[in-house]
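Understanding the architecture of this molecule
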Amino acid sequence: QVQLVESGGGLVQPGGSLRLSCAASGSIFSIYNMGWYRQAPGKQRDLVAVISTSGNTNYADSVKGRFTISRDNAKNTVYLQMNSLKPEDTAVYYCHAEPLAGWGPLGAMDAWGQGTLVTVSS
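Let me sum up the structure you'll find in this document. (Residues numbered from 1 in each chain as written. Predicted model: local features only at pLDDT ≥ 70, side-chain atom pairs only at ≥ 80, totals over all residues. Heavy atoms only, no water.)

**Points about the side chain of T77**
Within the secondary structure, T77 is located in strand β8 (residues 77-82). Only 2.8 Å separates the side chain of T77 from the backbone oxygen of K75, close enough to count as a polar contact. Contact partners of T77, with chain neighbours within four places excluded, come to S21, C22, A23, F29, S70, R71 and D72. (Helix = DSSP H or I, 4+ residues; strand = E, 2+ residues; numbered from the N terminus. Polar contact = N/O pair within 3.5 Å; in protein donor to acceptor, adjacent residues only side chain to side chain. Contact = heavy atoms within 4.5 Å.)

**What to know about the environment of K43**
On the secondary structure map, K43 appears in the loop between β4 (32-39) and β5 (46-51). Here the alpha-carbon distance between K43 and A91, two residues 48 residues apart in the chain, equals 9.5 Å.

**Digging into the sheet that holds β8**
A sheet is described by the order of its strands in space; here four strands give the open sequence β1-β3-β8-β7, paired in antiparallel fashion. Pairing within the sheet leaves two strands with one partner each, and these edge strands are β1 (3-7) and β7 (67-72). With direction set aside, neighbouring strand axes in the sheet form an average angle of 15°. (Pairing = 2+ DSSP bridges. Axes fitted to C-alpha atoms, helices over the stretch in contact; angles between N-to-C directions.)

If you want it as structure tokens, here you go:
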């Protein structure tokens, strides 16, 4: 099982930037597709961005052009660079790991981090 720990959340003004980090341990990081999700108060958890083991990325329409997801396999870490932040970006951001399908029978399981709070307010 992989363990995930998010960091980098905090209070930022509209138009500002923030970089979130998700450190993975306990498994082979390179076999996991990674993603960032967020959950605003009173709302469901939504996909923000994903990055595959091969580096392919996908973003929610609401963050395209503003957010960038990346990964550093040597550091077992995935990042979310957030620019031009808006008040509606306020949410708890969660890191997610999904193993490649072939690794499931070998014991690899998906996992969620505890979340880090991002508040965009003046």
